[in-house]
Amino acid sequence: MKQLFLTACALMATLSLSAQTERMEQLLKEWEFRRDHAVEAADGWQTVRIPHDWAIFGPFSREHDLQRVAVVQNGETVATEKTGRTGGLPYVGKGCYRTNLNLQKADDARYILLFDGAMSEAQVFVNDQQVVFWPYGYNSFWCDATAAIVEGENRVHVLLENKSQSSRWYPGAGLYRKVRLVTVPTIHVPVWGTQITTPYVGEEYASVTLKTELVDVPEKEPVTLHTVIRNGKGEVVSQKRDTRNLFYGMPFEQHLTIDKPQLWSPEEPNLYTAETTVEFGGHKVDSYTTRFGVRTIELRADKGFFLNGKLRKFKGVCLHHDLGPLGAAVNKAAIRRQLTILKEMGCDAIRTSHNMPAEELVELCDEMGFMMQLEPFDEWDVAKCENGYHRFFDEWAEKDMVNMLRHYRNNPSVVMWSVGNEVPTQWTEGGYKVASWLQEICHREDPTRPVTCGMDQFPTVLNNGFAAQFDVAGFNYRVHFYERGYEILPQNLILGSETTSTVSSRGVYHFPAEPLEGALHPDHHSSSYDLECCWWSNLPDEDMAANDDYPWLIGQFVWTGFDYLGEPTPYDTDAWPNHSSMFGIVDLASLPKDRYWFYRSIWNTEAETLHILPHWNWKGREGETTPVFVYTSYPEAELFVNGVSQGRRVKNNSSKMERYRLMWNEVKYAPGELRVVAYDAAGKAVAEKSLFTAGKGAQLHIEADRTTLAKSGEDLAYLTVSVLDKQGVPVPTESREVKVEVKGAGKFRAMANGDPTSLELFHENEMKLFSGKLTAIVESGITSGTIEVTVSARGLKPATITLEVQ
């Protein structure tokens, strides 16, 4: 077995502790992996870096986790083959990870292993002693491994197993989130051992209450805590030193004041840190830093949701945890890329559906300004999947809830908890009791935030007491039940906890352009006219109208912000090769679909939006009706085809679609120029945009989201590759295979084209364009220098771009 000695930078070295142990945290990155549980095998091991998703490398197969089921919640009574339901990737099976730690063991030290997520049913061993078992793959967990630690070499191995039919989407596989060794002194603050609240927030000052748990402090012995609060610039804004005796495991409570507090909001995500030093017996024994924000949240019946005393509605999206071609393996740069795209759209809220989030996501939402609804479960005690979480619910639900709540209760971005999504328990006798129990856990651990649950069984939950249990009722779809729910339920507030589920494939348009439910097309794609949805969902205009019309509706979380692996609705029943979703506003390659501009035109009130669809390359459709839609932040526009006006359109209330879209449904296609001129409320022409019919592809083009990367070995650049004709016009119909070559201070990481039917592997450097584009992802190395990326394709002029690594 290889000897992998880890330092704080996860490099091979020896960890040494001083005579008096100080808190120290090391990322455990370098491991060995195999696809079974043969821990003692001499060969067959693969060296990997954590986070690691063993299944994302494929290959895709119809047979991977092929589920023959009847989805009862969708009204199905006969079992059918659900192809691609979990992405067609080999996540099912066993895996083993192992590494070595070389420690100079100190008598006063505790050794904590902290896992941000392990998929799934994790058994963790140190020197062949099991130190923890944690079944739920999405949750963070930790254990005190001190009793198993020895002087010198310590063998750590983790056994994982994913059962078939354990998920409704692609869950990933392996140690897909961070793993850390936290070394602490005997008297210490435990993992997630602080709780910060702000019982009063005003313009002149904010009151801050800090409760700190302490481990192994002798009763009736004085202990001192010195806490310093700093603002985002590092300046001290408050501090206090308190000494007292603790009894019966009670937390140490401190009260501090911040003058002229800078409040946290999506527009101004101001943050503070509380740096706490623990002293005992006249000596410093531990230190702990907690990041937090100052803000108020309030639900007011009939009126809505208030942040810092100001009314606002959630402009939110639901996000699955996978990162497209990177799979479930967490990468902070990739998450930042997603959030940057959503921020530009005007989105201000994220629902983590349907599981605990990665720590990196919550931290970035704190920093970038997104409100969050954290949701742990897709099922409770009644099964959705044969081997789903219901197997563990009775024993583990409270433990899982407590870990999530304590992990994230200090994050200002988190403004609401959800205890579940469309759980079958919602229509069972006594289901409301389970709902009440879970909400009580939330209130016990964190009395400052409201609780909801995403429900879809209407009118059942309105009549059986289930929806009445929650601080606010979360409606998944069912817009037509909103008014009835408002009238019946005691909260007098409704949340669109999951909305829309419109389906589309980027750059694909079907004719005639008409609203359809559950439509299946021969090409296995859904039209990007944004007129197709599922039988149980609706078009986005319906939810936008509800948000505008109902003051008691506190906003929505659209399903979904990004496409994700698995759940390829409506092509989910014997419809291979579809294996990824079409719900996303942005596709699997992080390329916005037309729908992105629909939302941006309404949600982003700070920037102009003027977007035309479809593309204007329709050889063979000359003279045929080819509707044109415009998504714009302006109230009126005029359309021209080759200089000939097609008339002016004004947003109006004659239909819900006409409130938000400008539509020319009788346009006859003619190659050339499609131009739109936008007018402001005074009728003045203020913006215009054109699409041109492209000629034959002549050259490749690269556009990078960023050209300077950090030398962390983990930073990413997303490169959009497209094809231009001789005049530089994008060719939206190109599907040629593109090759990506990377040289210098980085490496090729993955690529994707957003095609939900493509079986090309993400980690290979050749892939076909889809609707004229694909995305290549390049990762930085650990030394300064330059990265040269070249893309090539048969018959096209190649393109090269240079990135800096610093």
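Please refer to the structure higher up on the page.
Since this is a predicted model, take the numbers as computed values, not measurements.

A. Spotlight on empty space enclosed by the protein. Per the stated rule, a full pass over the model turns up six cavities of 30 Å³ or more. Taken as a whole, the largest cavity holds about 350 Å³ of empty space. Along its surface, the largest cavity is lined by 24 residues, and Tyr136, Tyr138, Ser166, Gly388 and Tyr389 are the ones closest to its centre. Here the lining of the largest cavity is built from residues that sort into ten nonpolar, eight polar and six charged. A volume near 170 Å³ is recorded for the second largest cavity. For the lining of the second largest cavity, the per-class residue count stands at nine nonpolar, five polar and one charged.

B. The arrangement of the pairing of strand β29 (residues 494-500) in detail. Extensive coverage of β29 is indicated by the burial of seven of its seven residues. Bridge count between strand β28 (residues 473-476) and β29: three bridges; the pairing is parallel. Bridging from a neighbouring strand, Gly474 pairs with Leu495 of β29. For the segment spanning β28, helix α6 (residues 482-488) and β29, crossover handedness is right-handed. Summarising the sheet, β29 and strand β32 (residues 553-559) pair through four bridges and their orientation is parallel. Across the sheet, residue Thr499 finds its bridge partner in β32, namely Val558.

C. Fine view of the side chain of Asp541. Along the polypeptide, Asp541 turns up in helix α7 (residues 540-549). A residue is classified by how much of its surface remains accessible, and Asp541, at 2% relative accessible area, is buried. There is a polar contact of 2.8 Å between the side chain of Asp541 and the side chain of Arg661. Those residues in contact with Asp541 that sit more than four places away from it in its chain are Phe598, Lys656, Met657, Tyr660 and Arg661.

D. The arrangement of the pairing of strand β14 (residues 205-212) in detail. Sheet topology note: the strand β13 (residues 194-201)/β14 ladder contains six bridges and is antiparallel. From the neighbouring strand, Ile196 faces β14, where its bridge partner is Leu210. Two successive antiparallel strands, β13 and β14, enclose a turn made up of three residues. Across eight bridges, the pairing between β14 and strand β17 (residues 252-259) is antiparallel. Counterpart to Ala206 in the pairing with β17 is Ile258.

E. Structural view of the side chain of Gln491. Tracing the backbone shows Gln491 in the loop between α6 and β29. From its side chain, Gln491 meets the backbone oxygen of Phe470 in a polar contact 2.6 Å long. Filtering out sequence-adjacent residues up to four positions away, Gln491 remains in contact with Ala301, Ala467, Ala468, Phe470, Asp471, Val472 and Ala473.

The rules behind these values
- Residues numbered from 1 in each chain as written.
- Predicted model: local features only at pLDDT ≥ 70, side-chain atom pairs only at ≥ 80, totals over all residues.
- Heavy atoms only, no water.
- 1 Å grid on protein atoms, 1.4 Å probe; cavity = no way out; pocket = protein on both sides within 12 Å on 5 of 7 lines; lining within 4 Å.
- Points joined across faces, edges and corners; volume = space filled by probe spheres on them.
- Nonpolar A, V, L, I, M, F, W, Y, C, P; charged D, E, K, R; others polar.
- Buried < 20%, exposed > 50% of the residue type's maximum accessible area, 1.4 Å probe, protein only.
- Helix = DSSP H or I, 4+ residues; strand = E, 2+ residues; numbered from the N terminus.
- Pairing = 2+ DSSP bridges.
- Right-handed = clockwise from strand over helix to strand, strands pointing away.
- Polar contact = N/O pair within 3.5 Å; in protein donor to acceptor, adjacent residues only side chain to side chain.
- Contact = heavy atoms within 4.5 Å.

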